[in-house]
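One letter stands for each residue in the lines below.
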Amino acid sequence: QSTGPGGPPAAISLRNKVITLHRFLEQNHYLPVKWNDTSSAMLYKKWMEKLDDQKLFFTQNEIAILETYKTKLDDELAGRSWEFYDKSTALYKLCLKRTDSILQLLLAKPFDFSKPDNVVWPFTSNAQSVAELSQRWQKFLKWRVLENIAGKLSDGGKTISETLPADFVQLEKDAREKAKKQERSFINGLLKTPEQFKTGMEDDYLNTIAWCYDPHTGYMSIKEKKEFDTEMSASEFSAGFEL
């Protein structure tokens, strides 16, 4: 943080944090990354996996918008431009809110299990449109509902067969409500409050940059560093190996 004349501390912008982290790692890491189009694409890929590794939020059109920055992130680290992070997180938030609306709509009424259906998991590419994304979620949720029903039957010591149980209507309703709570809780956990979303996304992006140097290099915010120091000073640790 920095302090303005006669005013409270002003937060350092993420752009400045990124530039500082980049310089610090270049000077102190045992094997600095040579930032170019290849390493930029690595950062882009890792960040997009962080945002939507299951291909359930972004459509192909939205990916196309962000992909234009794929080989430009090395310039952003060097301080020559700054667009990708802001655009990716703003689009991500919109996609999460859209997904929440899709979930509410799909889970408001019973699913039709009268016809065979097929879902290939995990998805290997993003949906071509919002309509296809909604269909993808419908298949995923139908599978989740059946999974919840099977789990309840198994826990109750009942046999799971291809024949529908007599109380399937109630089982489906309960399983759908459970799926609704599970998925909406997941979405709300990602959105959090506006301030938590902002802080969490910034820390995740800095951590993704650090990961590019090696999987064991991570970023700690000031808060996390203080908590880490407190933990270490108040505890005794020993390490052992078992073969």
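1. As for the nonpolar core
By size, the foremost hydrophobic cluster in this structure holds 54 residues, and its most contacted members are Met 48, Phe 58, Phe 84, Trp 137 and Tyr 205. Contributions of two or more residues to this core are made by helix H1 (14-28), helix H2 (37-52), helix H3 (60-67), helix H4 (73-77), helix H5 (84-106), helix H6 (130-155), helix H7 (168-191) and helix H8 (194-211). A total of nine residues in this core trace back to one element, the largest contributor, which is H5. The residues contacting Tyr 205, other than those within four sequence positions of it, are Leu 14, Val 18, Leu 43, Trp 47, Leu 73, Glu 76, Trp 82, Phe 84 and Tyr 85.

2. Focus on the environment of Leu 191
Mapped onto the elements of the fold, Leu 191 is located in helix H7. Separated by 99 residues in sequence, Leu 191 and Tyr 92 place their C-alpha atoms 9.5 Å apart. Beyond its immediate chain neighbours, meaning those up to four positions away, Leu 191 contacts Lys 93, Leu 96, Lys 97 and Phe 197.

3. Quick word on the layout of surface pockets
Quantified by volume, the largest pocket comes out at close to 860 Å³. If you trace the largest pocket, you find 24 residues lining it, with Lys 17, Asp 203, Tyr 219, Ser 221 and Ile 222 closest to the centre. Secondary structure elements with two or more residues in the lining of the largest pocket: H1, H8 and helix H9 (222-234). Looking at the lining of the largest pocket element by element, the count peaks at six residues for H1. By residue class, the composition of the lining of the largest pocket is eight nonpolar, eight polar and eight charged. Taken as a whole, the second largest pocket encloses approximately 510 Å³ of empty space. Taken together, 23 residues line the second largest pocket, and the ones lying closest to its centre are Phe 113, Leu 146, Ser 161, Leu 164 and Phe 168. In terms of residues, the lining of the second largest pocket owes the most to one element, H6, which gives seven residues. The residue inventory of the lining of the second largest pocket, partitioned by class, reads twelve nonpolar, four polar and seven charged.

What counts and how
Residues numbered from 1 in each chain as written. Predicted model: local features only at pLDDT ≥ 70, side-chain atom pairs only at ≥ 80, totals over all residues. Heavy atoms only, no water. Core = buried A, V, L, I, M, F, W, Y, C linked by side-chain atoms within 4.5 Å. Buried < 20%, exposed > 50% of the residue type's maximum accessible area, 1.4 Å probe, protein only. Helix = DSSP H or I, 4+ residues; strand = E, 2+ residues; numbered from the N terminus. Contact = heavy atoms within 4.5 Å. 1 Å grid on protein atoms, 1.4 Å probe; cavity = no way out; pocket = protein on both sides within 12 Å on 5 of 7 lines; lining within 4 Å. Points joined across faces, edges and corners; volume = space filled by probe spheres on them. Nonpolar A, V, L, I, M, F, W, Y, C, P; charged D, E, K, R; others polar.

Just distances and angles here, no functional claims.
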